[in-house]
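Here's the letter readout for the chains.
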Amino acid sequence: SLSKTVFPTNLVSYNLIPIELPPPDIDQHLIGNLKYVGYVCYGVVVLCALSCVIWTGYHRKDIVVQAAQPLFLAMVAGGVLITA
């Protein structure tokens, strides 16, 4: 029968949450001076993306760039700027 194969447990007692919880005291300002590293990395990405757009515009008549479609290359660089 089914009642012989089911074993009751006290699982509900592990899920009890107190009515009043203490306010969380978490210091979430751990980045410190690393934000400047992030600014530098962002600047490098912007510089590379803009240089790729300028290079693509300068070489837009080349066969390789025409095959890759300069507008598409500029859109990829724009997407990189948006995601950075």
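A few points on the structure.

Parameters at a glance
- Numbering of residues starts from 1 in each chain and follows the order in which that chain's sequence is written.
- Restriction of local features to residues with pLDDT of at least 70 applies here, the model being predicted, together with a cutoff of 80 or more for giving and counting side-chain atom pairs; totals for whole chains, interfaces and linings are based on all residues.
- For the side-chain quantities, the full set of heavy atoms in the structure was used; hydrogens and water were omitted.
- Secondary structure elements follow DSSP: runs of H or I no shorter than four residues count as helices, runs of E no shorter than two count as strands, and numbering proceeds from the N terminus.
- The rule is simple: take the accessible area with a 1.4 Å probe, protein chains only, and divide by the maximum for that residue type; under 20% is buried, over 50% is exposed, in between is partly exposed.
- Note on areas: these come from Shrake-Rupley sampling with a 1.4 Å probe, and a residue is covered only by the protein chains present in the view.
- The axes are straight lines fitted to the C-alpha atoms, using for helices just the contacting stretch, and the angles between their N-to-C directions are given from 0 to 180°.
- Here the word oblique covers every angle except those under 35 degrees (roughly parallel), over 145 (roughly antiparallel) and from 65 to 115 (roughly perpendicular).
- In this description, contact between two residues means that some pair of their heavy atoms is separated by no more than 4.5 Å.
- Basically, the charged four are Asp, Glu, Lys and Arg, the nonpolar ten are Ala, Val, Leu, Ile, Met, Phe, Trp, Tyr, Cys and Pro, and anything else, Gly included, counts as polar.

## Some words on the overall build of the protein chain
Each helix and strand counted, the protein chain has four helices and zero strands in total. Ordered by position in the sequence, the α and β elements of the protein chain form the string α-α-α-α. Going through the 84 residues of the protein chain one by one, you find that 5% of them count as buried. Working note: accessible area of the protein chain is about 8100 Å², and carbon and sulfur atoms make up 70% of it.

## Structural notes on the packing of helix α2 (residues 34-58) against helix α4 (residues 70-83)
Relative orientation of the contacting elements α2 and α4 amounts to 170°, with a least axis distance of 9 Å. For the element pair α2 / α4, the angle class is roughly antiparallel. Judged by residue contacts, Val45, Val46, Ala49, Leu50, Val53 and Thr56 of α2 engage Pro70, Leu73, Ala74, Ala77, Val80 and Leu81 from α4. Split into classes, the residues belonging to the contact of α2 with α4 amount to eleven nonpolar, one polar and no charged.

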